[in-house]
Amino acid sequence: MKLTTDHETTQPLAAWSAVFALSLCASTLVASEFMPVSLLTPIASGLHLTEGQAGQAISVSGLFALVTSLFISAATAGCDRRSLLLWLTGLMLVSGVIVAFAPNYPVFMAGRALVGITIGGFWSMSAATMIRLVPTARLSRALAVLNGGNALATTIAAPLGSFLGQYIGWRGAFFCVVPVAALTLVWQFLTLPRMPSHEQAGAAAAFKVLRRPEVPYGMLAAALFFLGQFAVFTYLRPFLETVTRVDVTTISALLLVMGIAGLVGTSIIGFVIRERLYACLVFMSLAMAAMAAALTVFGSSLGATAAVMVLWGFIGTAAPVGWWTWLSKALPDDAEAGGGLMVAVVQLAIATGAAGGGVLFDSSGYRATFLFSAVILVLSSAVISIGALRRKAKVNSQCAACVPASPTL
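Fair warning: this is a prediction, and the values are worked out from it, not measured in the lab.

Engineer: Help me understand the overall build of the chain, please; the structure alone is not making it clear to me.
Structural biologist: If you tally the helices and strands in the chain, you get 15 helices and zero strands. Within the chain, buried positions represent 53% of all 409 residues. Looking at the chain alone, contacts between residues at least 24 apart form 85% of all its contacts between residues at least 6 apart.

As structure tokens, this is what we get:
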């Protein structure tokens, strides 16, 4: 179904203001989603939890994001998309307040569930919203601005959370999201145009793309990649404190350097994946598997750990660009349905990685957790390799079928 665009009735300045408002919303969402990573130890101490239990804050937001991303389109059919985005942003604000003042673990997890709903809804509609805000010729630029907010938050959220938590506590760090969410809400209210819903798809529409031959391989490989990544990333802080034995200031610096490396990786990956997409996806999975394994051997060395974290940020932050590029190539005529499924797959993987990593971290220690991650990442490279080979065989067979038979003399 062709999406109706609304940019004809939106003034260019107002449209771009709305794009930047949504970019700020993306930054705030990403900061909210991953702030527990840098505050895991104080959260566990403040709520009398194990670090593995505190890590489930990532899992629960991922779980609710997954469910929301799959069904929000059908569940809100007929609802103006402007109103829906405003409600989701308001939900993010309420979540920040609940988490910051949570008196116990269940209330804390309820707040995290609310931010998960916002994450799933926002990212499922983000590309479609950009299409309706700006002309097609400017769409790539608008998406770059939106994802720039994502990359920026990925860079600063963890070190900033660690830094703020050192001085105003983990509750104060979470509450810092609230005024930013309020600003985002007001900005969107003033700039977003009305966007009537034209969605008629059923609740199972996102799953229909799995009928395409190469899509199951790509989705499974993406799931394994993010599962393996977050089995490690979620528990970096307790690892750095107990194995590398560094203080909070050093942790903040390491996370910042890792984020800056991620910005650099994101800025250059586009040049690499144009011609070598599948090779790049395989390499990223294998490289991150090697890094996860390396931390089990060299984790007590600050220099070696810092080097691994730089490489982890460089590749791990840039990886989503590769997977979304794969999606655009695999589903060029059905990217919206595929996007909803991809959001669900990634969120399920994040939740599973954080949950499984937490169980292993509590029961068997960091080595078991990081080696589990390495195995999963190797499996990801294997699955996408199989998908690439099947795609190549299909292309070759199509080319052979198109070659005319040689005339008989």
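Having seen the model, we can carry on.
Engineer: Is there a simple way to explain helix α1 (residues 12-38) in this structure?
Structural biologist: Residues separated by three or four positions in an α-helix point in the same direction, a consequence of the helix having 3.6 residues per turn. The end-to-end C-alpha distance of α1, which contains 27 residues, comes to 39 Å, matching closely the 39 Å that a straight helix rising 1.5 Å per residue would cover. Along α1, the sharpest kink reaches roughly 35°, centred on Ser-32 and followed within four residues by the proline Pro-36. The buried count for α1 comes to 21 of 27 residues, which makes it a mostly enclosed element.

Engineer: Is there a simple way to explain the packing of α1 against helix α4 (residues 81-100) in this structure?
Structural biologist: Relative to each other, α1 and α4 sit at 35°, their axes nearing to 11 Å. Crossing angle aside, the handedness with which α1 passes α4 is left-handed. Contacts between α1 and α4 involve Leu-22, Cys-25, Thr-28, Leu-29 and Ser-32 from the first element and Leu-85, Thr-89 and Met-92 from the second. Here the contact of α1 with α4 is composed, by residue class, of five nonpolar, three polar and no charged.

Engineer: Help me out: how do you make sense of the packing of aromatic side chains in this one?
Structural biologist: To describe a pair of aromatic rings, one takes the distance between the centres and the angle between the planes. The final tally for this structure, using the stated rule, is 13 aromatic pairs. Relative to Phe-175, the ring of Phe-101 has its centre 5.7 Å away and its plane inclined at 75°; by these criteria the two rings are edge-to-face. Pair noted here: Phe-101 is in the loop between α4 and α5 (105-133) and Phe-175 is in helix α6 (residues 139-175), with a separation of 74 residues, a long-range link. Looking at Phe-101, the relative accessible area reads 57%, which means it is exposed. Both rings, one in Phe-225 and one in Phe-226, keep their centres 5.3 Å apart while their planes meet at 85°; by these two values the pair is edge-to-face. Connected via pairs of aromatic rings, a cluster forms that spans Phe-108, Trp-170 and Phe-174. The ring of Phe-189 carries the charged tip of Arg-82 above its face, separated from the ring centre by 5.0 Å.

Engineer: For this particular structure, what's the right way to read the pattern of salt bridges?
Structural biologist: If charged atoms from side chains of opposite charge come close, those side chains can pair. Here the structure, examined in full by the defined rule, presents one salt bridge. In this structure, Arg-237 engages Glu-241 in a salt bridge whose closest nitrogen and oxygen atoms are separated by 3.0 Å. With Arg-237 and Glu-241 both in helix α9 (residues 236-244) and four residues apart, the pair spans about one turn of that helix. The exposure class assigned to Glu-241 is partly exposed, which follows from its relative accessible area of 23%.

Engineer: Could you clarify how one ought to interpret the environment of Val-115 in this entry?
Structural biologist: When you line up the elements, Val-115 lands in helix α5. Between the C-alpha atom of Val-115 and that of Phe-64, which follows or precedes it by 51 residues, the distance is 8.3 Å. Here Val-115 is in contact with Leu-29, Ser-32, Ser-61 and Ser-95, once residues within four sequence places are set aside.

Engineer: Where do I start with the side chain of Thr-296 in this structure?
Structural biologist: Note on placement: Thr-296 falls in helix α11 (residues 277-298). Judged by relative accessible area, Thr-296 falls into the buried class, the value being 10%. Only 2.5 Å separates the side chain of Thr-296 from the backbone oxygen of Ala-293, close enough to count as a polar contact. Those residues in contact with Thr-296 that lie beyond four places of it in its chain are Tyr-366, Arg-367, Phe-370 and Leu-371.

Engineer: Explain the side chain of Thr-68 here, please?
Structural biologist: Turning to its location among the elements, Thr-68 is positioned in helix α3 (residues 51-75). Judged by relative accessible area, Thr-68 falls into the buried class, the value being 12%. For Thr-68, the side chain forms a polar contact with the main-chain oxygen of Phe-64, separated by 2.7 Å.

Engineer: Help me understand the packing of α1 against α5 in this model?
Structural biologist: Orientation of α1 relative to α5, taken along the N-to-C sense of each, is 155°, at an axis distance of 10 Å. Taken together, the axis directions place α1 and α5 in an arrangement best described as roughly antiparallel. As α1 packs across α5, the resulting crossing turns out to be left-handed. For the pair formed by α1 and α5, the contact residues are Ala-15, Ala-18, Val-19, Leu-22, Cys-25, Ala-26, Leu-29, Val-30, Ser-32, Glu-33 and Pro-36 on the first element and Arg-112, Val-115, Thr-118, Ile-119, Phe-122, Trp-123, Thr-129, Met-130 and Leu-133 on the second. Across the contact of α1 with α5, the residue classes tally to 15 nonpolar, three polar and two charged.

Engineer: Explanation requested: the nonpolar core in the structure shown.
Structural biologist: Side chains of a nonpolar character, in soluble globular proteins, are inclined to be buried together. Counting residues in hydrophobic clusters, the biggest one holds 123 residues, and the most contacted among them are Phe-108, Phe-122, Trp-123, Trp-323 and Trp-326. Among all residues touching Trp-326, those that are not within four sequence positions of it are Glu-214, Val-215, Gly-218, Met-219, Leu-277, Tyr-278, Leu-281 and Met-342.

Procedures and definitions
- Residues numbered from 1 in each chain as written.
- Predicted model: local features only at pLDDT ≥ 70, side-chain atom pairs only at ≥ 80, totals over all residues.
- Heavy atoms only, no water.
- Helix = DSSP H or I, 4+ residues; strand = E, 2+ residues; numbered from the N terminus.
- Buried < 20%, exposed > 50% of the residue type's maximum accessible area, 1.4 Å probe, protein only.
- Contact = heavy atoms within 4.5 Å.
- Expected span 1.5 Å × (residues − 1).
- Bend = angle between axes of the 7 residues up to and from the residue.
- Axes fitted to C-alpha atoms, helices over the stretch in contact; angles between N-to-C directions.
- Left-handed = near helix turned anticlockwise from the far one by under 90°.
- Nonpolar A, V, L, I, M, F, W, Y, C, P; charged D, E, K, R; others polar.
- Phe/Tyr/Trp six-rings, centres within 6.5 Å; stacked < 30°, edge-to-face > 60°.
- Lys NZ or Arg CZ within 6 Å of the ring centre and 35° of its normal.
- Salt bridge = Lys/Arg side-chain N within 4 Å of Asp/Glu carboxyl O.
- Polar contact = N/O pair within 3.5 Å; in protein donor to acceptor, adjacent residues only side chain to side chain.
- Parallel < 35°, antiparallel > 145°, perpendicular 65-115°, else oblique.
- Core = buried A, V, L, I, M, F, W, Y, C linked by side-chain atoms within 4.5 Å.

Read these as geometric descriptors, not functional statements.
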